[in-house]
Amino acid sequence: MARTPHRVWALAWDQVHARVLVRPKAGILDPQGAAAERALAALGFAGVREVRIGRLIELEVTDPATLPQMCECLLANPLIEEYEILDSAS
Amino acid sequence: MKFGVVVFPGSCDDVDAQLACARVAEAVPLWHADHDLQGVDAVVIPGGFSYGDYLRAGAIARFAPIMSEVIDFAAAGGHVLGICNGFQVCCEAGLLPGALLTNTSLRFVCRQVSLELVNPDTAFTRSLEPRRRLSIPVKHTTGRYYAPDAELDRLEAAGQVVLRYSPGHNPNGSLRDIAGVCNERGNVFGLMPHPEHAVDPLTGSSDGLGLFASLRDSLSGSLV
C-alpha cells in the first residue's frame, strides 16, 4: 500500500506511516453519531441513517508488526471498540 | 487502618476522598509517579480527569507507575475503591468488568441521585445494610456502564452489581441502571456516584460515609 503522499517527506528512514481506525462496536449506542444524524436531518439532508463516529489515529512506527498489540492494549478498548489497521506502508 | 488515595495529574476529587477517609481512619496521598503504596490497607482511586482523559477516560492512567502496585495489591486481595474516574481507570486496567461510555445525553450531569444497594454483602457495603437506598451525587460525562448482555447476566447472578440507580434516576443511560460493580473476588469496587461528596449533612447527605466506614470495619475485622 502507498504511503500517504503528503507525509512521505517527513518520515525518518526507519519509520513507516500507519493509520488505525477505531470505531464503536456494532450494537453499542453511539449518541455522538445520533446527534450528528439529527443535525444532518435538520440541515435538510434526507435519508441519512446509522451515523457512527470513530477516530482515526495516525502514527509513525519502526515496526508495523506491533500495531495490533498497540491497538489491543492502548489505542482501542476491545470491549467497546473495533479497530482496523488501514495501512502501514514501509 | 490506613487509606491511600491515588493522585494523578488531573485528579480533582483526591482531597475530598482523603477528607472522607480521614473521617473514619487514617488517609495518605499516593503519588501517581511513585512505586510505593506506603503500607496502606486500602487504595482509593478518586474522581477527576486523570491525564486529561486523553484517548479514553482512564486509558492512560492505568499505565501510571503507581498502577502496577495497585494492580499487584488487588491481585493479592487488597481492597481498591474506584470512584468515577477511578471506576473508569479500574475498568481500563482490567480490575473490573465492563467499560464506561459517554452519557446518552452527551451532557455533563451533576446532581444528587438515589441509589439502591443491590448487594449489601461486600466489604464496601456491609455497614450500609439497614439503609438500602442512598442519596449520593454524580458528576460526569462518561458514566454509561456497558458490558455485553451475557456478561451483565453473569454479573447480576454473581452479586457483582452492587449499586443501581433507583428507577427514574439513571443519569447516563447505564445498562440495567448499574451504578457500581465489584470484581468476582469482591475486593475491587467501582462506582460512578461520589460517596466522598456525601459525608456531611451540611452538603445534603452523609450516605456516602457508610462506604468508607464499611471498608474500615471490614478490614479492621470489627464486624461480626
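The present account deals with the structure reproduced in this document. Everything quoted here is computed from the prediction, not taken from an experiment. Within every chain, residues take consecutive numbers counted from 1 along the sequence as written. Each chain gets a letter, beginning with A, and each ligand a number, beginning with 1, in the order they are written. For this predicted model, a pLDDT threshold of at least 70 governs which residues receive local features, and a threshold of 80 or more governs which side-chain atom pairs are given and counted, while totals over whole chains, interfaces and linings are taken from all residues.

**Considerations on the sheet that holds strand β2 (residues 55-61) of chain A**
Residue and element names in this part refer to chain A. The line we're drawing: Criterion used throughout: strands pair if DSSP finds at least two bridges between them. By the criteria applied, helices consist of DSSP H or I runs no shorter than four residues and strands consist of E runs no shorter than two, each listed in order from the N terminus. In this description, a line fitted to the C-alpha atoms serves as the axis of each element, helices being fitted only across the stretch in contact, and the angle between N-to-C directions of two axes falls anywhere from 0 to 180 degrees. This entry defines residue contacts through backbone-placed C-beta atoms, with two residues in contact when those atoms are within 7 Å.
Spatially, β2-β1-β3 is the arrangement adopted by the 3 strands of the open sheet, whose pairing is antiparallel. Whereas interior strands pair on both sides, the edge strands pair on one side only; in this sheet they are β2 and β3 (81-89). Strand-to-strand twist in this sheet, taken as the mean axis angle between neighbours without regard to direction, amounts to 20 degrees. Looking at chain direction, strand β1 (residues 16-24) and β2 are connected through 7 bridges and run antiparallel. Within β2, the residue paired with His17 across the bridge is Glu60. Of the strands in this sheet, β1, β2 and β3 are in contact with helix α2 (residues 67-75), which crosses β1 at around 40 degrees.

**Points about the nonpolar core**
All names here are of chain B. Keep this limit in mind: Linking buried Ala, Val, Leu, Ile, Met, Phe, Trp, Tyr and Cys residues through C-beta atoms within 7 Å yields a set, and such a set is a nonpolar core. Residue burial here comes from a neighbour count, namely the number of other C-beta atoms, placed from the backbone, that lie within 10 Å of the residue's own C-beta, with 20 or more meaning buried, 12 or fewer meaning exposed, and in between meaning partly exposed.
In terms of nonpolar packing, the biggest core is built from 72 residues, with Val5, Val6, Cys21, Val43, Val44, Val80 and Cys90 touching the most fellow members. Here this core takes 5 residues from helix α2 (residues 65-75), the largest share from any one element. Dropping the residues within four chain positions of it, Val5 is found in contact with Asp14, Ala17, Gln18, Cys21, Ala27, Pro29, Leu30, Val44 and Pro46.

**Considering the pairing of strand β6 (residues 109-117) of chain B**
Residues and elements named next belong to chain B. Taken together, the 8 bridges between β6 and strand β7 (residues 133-140) define a ladder with antiparallel strand orientation. Its bridge partner being in β7, Arg111 is matched across the sheet by Val138. Sheet topology note: the β6/strand β9 (residues 161-165) ladder contains 3 bridges and is antiparallel. Opposite Leu117, over in β9, you have Leu163 as the bridge partner.

**Things to note about helix α3 (residues 85-92) of chain B**
All names here are of chain B. Counting buried positions along α3 yields 8 of 8 residues, so the element is predominantly enclosed. Residues of α3 that are buried make contact with β3 (42-45), β4 (79-83), β5 (99-101) and β11 (188-191). Following α3 by one or two positions, Gly94 adopts a phi angle in the positive range, close to 80 degrees.

**Focus on the pairing of β11 of chain B**
Residue and element names in this part refer to chain B. A two-sided burial pattern is seen for β11, the buried positions comprising Val188 and Gly190 on one face and Phe189 and Leu191 on the other. Where β4 lies against β11, 4 bridges are found, and the strand directions are parallel. Residue pairing for β11: Gly82 is matched across the bridge by Gly190. Both strand β10 (residues 178-182) and β11 contribute to a ladder of 3 bridges, which runs antiparallel. Counted as the bridge partner of Gly180 is Leu191 from β11. Connecting the antiparallel pair β10 and β11 is a turn made up of 5 residues, with Gly186 showing a positive phi of about 85 degrees.

**Some points on the interface of chain A and chain B**
Selection criterion: Any residue that is not Ala, Val, Leu, Ile, Met, Phe, Trp, Tyr, Cys, Pro, Asp, Glu, Lys or Arg is counted as polar, Gly included; the first ten are nonpolar and the last four charged.
Contact residues are listed per partner, giving 9 residues for chain A and 9 residues for chain B. The element best represented in the side of chain A that touches chain B is helix α1 (residues 31-42) of chain A, accounting for 3 residues. Residue composition of the side of chain A that touches chain B, by class: 7 nonpolar, 2 polar and no charged.

The values are spatial; any link to function lies outside them.
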